[in-house]
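Observations on chain architecture
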Amino acid sequence: MKPDYSRRHLLGKLAGGIAAIPFLKGSTLKMPIGLQLYTVGKEMDEDPQGTLKQVAAVGYQEVETSPMSKLGAKELRRMLDDVGLKNTSGHYLLPDLLKDLDGNIASANTLGQHYMVVTVPWIADMSRVHADPAAGQMGFFMAMLGAFTLDDYKWNAEQFNKVGAQVKKAGLQLGYHNHNFEFKAYEGGVTGYDEFVRLTDADLVKLELDCGWVTVAGHDPVEYLKKFPARYQLLHIKDFKKGFTPATKLGDTGEGAPVPTELGRGSIDYRRIFEAAKKAQISSIFVEQEPPFKEMPALEAIKVDYAYLDKLHV
């Protein structure tokens, strides 16, 4: 049976009033605190209108859509407008953009997005991916990530440049969001991420730095912000408890695996990250807490996340 590469199957278990706009107090970043809706994905499936209302009530003013959303663009836009949330960025899968770029651009415009951010790279020749059929779609996805070579990152860079040119013509901006697996080092110590950044056009492909996953991979978000200040325009803000072992394999659950937690309760010092971000071109930040939510429900966790950022002086 041909594998189903739908967004929900492949990413379902992955580790994301103007007068009252909340800003990072004391920060020169001067931007609202946003939320990646993947954080409340279960709640969005069960009660999207009610969930968005609660998100807005916490104080979030922006959201970033997840590629797993069940809602159509027009329906979601109506719900967002009803509760006063803006949608400046959305996550997409590369195969979806390659298959129907015009349709996805139209959806982005309907939602009021400026950034169309791809969440994971892809492989051109899926026959190279060998997965245990019993492992299901997630098993296939993990096998695909394990099959990546530097040549695959070069192919991705070519696709991103082509898609990015069309997105730019439409008045929008293509971006890329990292996890930890892109930082796997190949021959010569070159990482897939660095190769991808090197080969993509700096104007056509901007970057969303997931500070949590960079840290899990054993790298410093500050160093990347300093190295590519003009490329980074979005930040993902998440935390993991202290004590994890740096790794570039996604989905580890054994000893030393990263354990998600609320902001301020983990291992990442966001004060120094935001200091470095002042010199970059960051236009939006989005909280994205990874499931599972073991200590409190997601809608309670996003309150803790918001409070941490709202009180953070930089």
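The following paragraphs examine the structure supplied in this document. Given the structure is predicted, the values throughout are model-derived calculations rather than measurements.

When helices and strands are tallied, the protein chain shows 13 helices and 10 strands. Relative to a compact globule of 314 residues, whose C-alpha radius of gyration would be 20 Å, the protein chain shows 18 Å and is just as compact. For the protein chain, the spread of C-alpha atoms along the principal axes amounts to about 55 × 40 × 40 Å. Looking at the 314 residues of the protein chain, the share that counts as buried comes to 54%. In the protein chain, 37 positive and 40 negative side-chain charges are present, and the distance between their average locations comes to 3 Å.

Quick look at the nonpolar core now. Of all hydrophobic cores here, the largest spans 91 residues; its most connected members are Leu225 and Leu235. The dominant element in this core, judged by the number of residues it contributes, is helix 8 (residues 150-169), at six residues. The contacts of Leu225, once residues within four sequence positions are left out, are Leu209, Tyr232, Leu235, Ile273, Ala276, Ala277, Ala280 and Ile282.

Turning to the sheet that holds strand 1 (residues 33-36), a few remarks are in order. Read around the closed barrel, the eight strands follow the order 1-2-3-4-5-6-7-10; overall the barrel is parallel. Between one strand axis and the next, the sheet turns by 30 degrees as a mean value, whatever way the strands run. Here strand 2 (residues 62-65) pairs with strand 3 (residues 86-92) via four bridges, running parallel. Paired with Glu64 across the two strands is Ser89, which belongs to strand 3.

Attention now moves to the packing of helix 3 (residues 48-58) against helix 4 (residues 73-83). Axis separation between helix 3 and helix 4 bottoms out at 9 Å; the angle between their running directions is 35 degrees. Considering how the two elements wind past one another, helix 3 and helix 4 form a crossing that is right-handed. Contacts between helix 3 and helix 4 involve Pro48, Gln49, Leu52, Lys53 and Ala56 from the first element and Leu76, Arg78, Met79, Leu80, Asp82 and Val83 from the second.

So, how was this worked out
Residues numbered from 1 in each chain as written. Predicted model: local features only at pLDDT ≥ 70, side-chain atom pairs only at ≥ 80, totals over all residues. Heavy atoms only, no water. Helix = DSSP H or I, 4+ residues; strand = E, 2+ residues; numbered from the N terminus. Rg over C-alpha atoms; globule rule 2.2 N^0.38 Å. Buried < 20%, exposed > 50% of the residue type's maximum accessible area, 1.4 Å probe, protein only. Lys, Arg positive; Asp, Glu negative; His and termini not counted. Charge placed at Lys NZ, Arg CZ, Asp CG, Glu CD. Core = buried A, V, L, I, M, F, W, Y, C linked by side-chain atoms within 4.5 Å. Contact = heavy atoms within 4.5 Å. Pairing = 2+ DSSP bridges. Axes fitted to C-alpha atoms, helices over the stretch in contact; angles between N-to-C directions. Left-handed = near helix turned anticlockwise from the far one by under 90°.

It is worth stressing that arrangement in space is one thing and function is another; only the former is reported here.
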